[in-house]
There are 2 protein chains.
Amino acid sequence: MATQQRALRTRRRVIEAAAAVFDEHGYASASITDILRAAGVTKGALYFHFDSKEALARSVMAEQRRSVMLTNTGLHAQTVIDITHGVARSFATNTLLRAGVRLTVEQGVLGESDPGMYHWWTELCRSQLMLAKDHGELRPGASPEDLAYMIIGSFTGVQLLSAVACDRADLVERLTTWWRVALPGMVQESVLPRLRPHGSADVIAMVNGTSASHCCGDALC
Amino acid sequence: MATQQRALRTRRRVIEAAAAVFDEHGYASASITDILRAAGVTKGALYFHFDSKEALARSVMAEQRRSVMLTNTGLHAQTVIDITHGVARSFATNTLLRAGVRLTVEQGVLGESDPGMYHWWTELCRSQLMLAKDHGELRPGASPEDLAYMIIGSFTGVQLLSAVACDRADLVERLTTWWRVALPGMVQESVLPRLRPHGSADVIAMVNGTSASHCCGDALC
């Protein structure tokens, strides 16, 4: 049992070290040597857990799932807004998240084209938007699948633009504007005044660590 | 004069060859040798026009400006919609555009962080949205700068997602959905029924080459 716990700790240490290296250098320029040095483990220990640099990158990408913050404010549309604010507000302090998002965008650009994480995020939003639809929050005819794709696609680009322009210093503000403009086309007029494009108090408390954050419930988390 | 024209033709040939190589391999993996081979020019000819691979990449990025299609349908908001559809609908056939957009996204991911082209696209949209505002097309209080940032950021991400998921096969449809949802939060209710989220007939004709396309009027074009 102690051996298994030690193995899990080593695996964790390697993932965190890899995230730091990927976050700084990107996939192509990150070297296993740098990751070994940052993790303080042997090559044997690393390859016991991960077959290759690609496998390691996939594990770092999968860690994005842990950054999901599911709030319960009584409106499912607010949960979706809060998912995006949970990510946007965590970038500054969460290296694993930054690395995961960087790798996800890079693989699109570098041509590997594994849409897995995009699908995962889209599906997460879609499931919440299905609930929003069932509860009469969405405009008639609104498609949860279309809206989820629009939200995840737009968020991907807005965070990229903000990262290039000012290291994401204005991301929360840009995201808030995005929601303020997009919401009238998504939700019922009666729901609009009850939504917080800036993120609910719950998600702000979660990011600030003054409230226990909720994971997505995914088996891989 | 004949010499000058020959030099311009060589410069053009190098840019087009570089675009094909950057489009296929991306910035980091593109080699000058491959570009020379594709262009069929000497190293001396290439370095007469471009100091470095980076200078060449910047010239390819700048070529995006030529893909701007400015329609005049009587509504400035439609011109902005059409700018995005002009780009989306040209990807399949325009290697220079694909390479330029790929390089622009890559430099954000790879950490060079030159927001020049994002600024240029945002400014182009902002100027049209200023006209839309002056003509009473926008919702009261709408900020052309905020809307332009939102549009270019979202478009960047939506096209990236579509590229990763299906080589942009669904991009026009995704973009149309994006506009359909986003427009109610942007424009006056009275303007909404006159707008075509799918792109106006003018821009579709321009992309199909049945109408002369308009350049942006930028001095670098």
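Residues numbered from 1 in each chain as written. Chains lettered and ligands numbered in written order. Predicted model: local features only at pLDDT ≥ 70, side-chain atom pairs only at ≥ 80, totals over all residues. Heavy atoms only, no water.

- Going by what an unreviewed UniProt entry lists, chain A is known as ScbR family autoregulator-binding transcription factor and is assigned to Streptomyces johnsoniae.

## Observations regarding the UniProt feature "domain: HTH tetR-type" (unreviewed entry) in chain A
Turning to step 1, where the next piece is worked out: Here, the residues flagged by UniProt with the feature "domain: HTH tetR-type" (unreviewed entry) are residues 8–68 of chain A.
Turning to step 2, where the next piece is worked out: As annotated, residues 8–68 of chain A has a helix share of 77% and a strand share of 0%, and its two end C-alpha atoms lie 22 Å apart. (UniProt positions renumbered as here; feature names shortened; annotations may be inferred. Helix = DSSP H or I, 4+ residues; strand = E, 2+ residues; numbered from the N terminus.)

## Some thoughts on the interface of chain B and chain A
Turning to step 1, where the next piece is worked out: Between chain B and chain A, the residue contacts involve 38 residues of the former and 38 residues of the latter.
Turning to step 2, where the next piece is worked out: Between chain B and chain A the total buried area reaches about 3,300 Å² when both faces are included, carbon and sulfur atoms providing 71% of it.
Turning to step 3, where the next piece is worked out: A per-residue breakdown of the area chain B buries against chain A is headed by B:Y149, B:L161 and B:V164, which together make up 23% of the total.
Turning to step 4, where the next piece is worked out: On the surface where chain B and chain A come into contact, there are four salt bridges.
Turning to step 5, where the next piece is worked out: With a closest N to O distance of 3.8 Å, B:R174 and A:D146 form a salt bridge.
Turning to step 6, where the next piece is worked out: For the interface between chain B and chain A, the tally reads nine residue pairs in polar contact (both at pLDDT 80 or more).
Turning to step 7, where the next piece is worked out: For the side of chain B that touches chain A, the secondary-structure elements that each account for two or more residues are helix 6 (95–110), helix 8 (144–166) and helix 9 (171–182) of chain B.
Turning to step 8, where the next piece is worked out: Looking at the side of chain B that touches chain A residue by residue, the class counts come to 20 nonpolar, 10 polar and eight charged. (Contact = heavy atoms within 4.5 Å. Buried area = accessible area lost by both parts, 1.4 Å probe. Salt bridge = Lys/Arg side-chain N within 4 Å of Asp/Glu carboxyl O. Polar contact = N/O pair within 3.5 Å; in protein donor to acceptor, adjacent residues only side chain to side chain. Nonpolar A, V, L, I, M, F, W, Y, C, P; charged D, E, K, R; others polar.)

## Some details on the nonpolar core
Turning to step 1, where the next piece is worked out: Grouped together as the largest cluster of nonpolar side chains are 136 residues, with contacts concentrated most on A:F22, A:W178, A:M186, B:F22, B:W178 and B:M186.
Turning to step 2, where the next piece is worked out: Discounting chain neighbours no more than four positions away, the residues touching A:M186 are A:L138, A:R139, A:A142, A:L147, A:M150, A:I151, A:W178, A:W179 and B:V181. (Core = buried A, V, L, I, M, F, W, Y, C linked by side-chain atoms within 4.5 Å. Buried < 20%, exposed > 50% of the residue type's maximum accessible area, 1.4 Å probe, protein only.)

## Observations regarding the relation of the copies chain B and chain A
Turning to step 1, where the next piece is worked out: Screw-axis analysis of chain B against chain A gives a translation of 0.0 Å along the axis, an RMSD of 0.0 Å, and a rotation angle of 180°. Here the symmetry operator amounts to a two-fold rotation axis.
Turning to step 2, where the next piece is worked out: Both copies present the same face, since 100% of the interface residues in chain B are matched by interface residues at the equivalent positions in chain A. (Least-squares fit on C-alpha atoms with pLDDT ≥ 70 in both.)

## Examining the packing of helix 1 (residues 2–29) of chain A against helix 2 (residues 32–39) of chain A
Geometrically, a packed helix pair is captured by the angle between its two axes and the distance between the axes.
Residue and element names in this part refer to chain A.
Turning to step 1, where the next piece is worked out: Taken N-terminus to C-terminus, the directions of helix 1 and helix 2 make an angle of 125°; their axes are 8 Å apart at the nearest point. Between helix 1 and helix 2, the angle is such that the two are oblique. Seen from above, helix 1 lies across helix 2 with right-handed handedness. Here R13, V14, A17, A18, V21 and F22 of helix 1 come into contact with helix 2, specifically with D34, I35, A38 and A39.
Turning to step 2, where the next piece is worked out: Grouping the amino acids of the contact of helix 1 with helix 2 by side-chain chemistry returns eight nonpolar, no polar and two charged. (Axes fitted to C-alpha atoms, helices over the stretch in contact; angles between N-to-C directions. Parallel < 35°, antiparallel > 145°, perpendicular 65-115°, else oblique. Left-handed = near helix turned anticlockwise from the far one by under 90°.)

## Thoughts on the domain arrangement of chain A
Residues and elements named next belong to chain A.
Turning to step 1, where the next piece is worked out: The domains assigned to chain A are domain 1 (2–50) and domain 2 (64–207).
Turning to step 2, where the next piece is worked out: Averaged C-alpha coordinates put domain 1 and domain 2 at centres separated by 29 Å.
Turning to step 3, where the next piece is worked out: Each side of the interface is counted separately: domain 1 has 12 residues, and domain 2 has nine residues.
Turning to step 4, where the next piece is worked out: With both sides pooled, the region where domain 1 packs onto domain 2 buries about 830 Å², and carbon together with sulfur makes up 63% of that total.
Turning to step 5, where the next piece is worked out: Taken as a group, R12, D23 and Y27 account for 54% of the area that domain 1 buries against domain 2, more than any other trio of residues on that side.
Turning to step 6, where the next piece is worked out: Here domain 1 and domain 2 share one salt bridge between them.
Turning to step 7, where the next piece is worked out: Between D23 and R98 there is a salt bridge, with the nearest N and O atoms lying 3.1 Å from each other.
Turning to step 8, where the next piece is worked out: Taken together, the links from domain 1 to domain 2 amount to three residue pairs in polar contact (both at pLDDT 80 or more).
Turning to step 9, where the next piece is worked out: Across the side of domain 1 that touches domain 2, the residue classes break down as six nonpolar, two polar and four charged. (Domains from an automatic or database assignment.)

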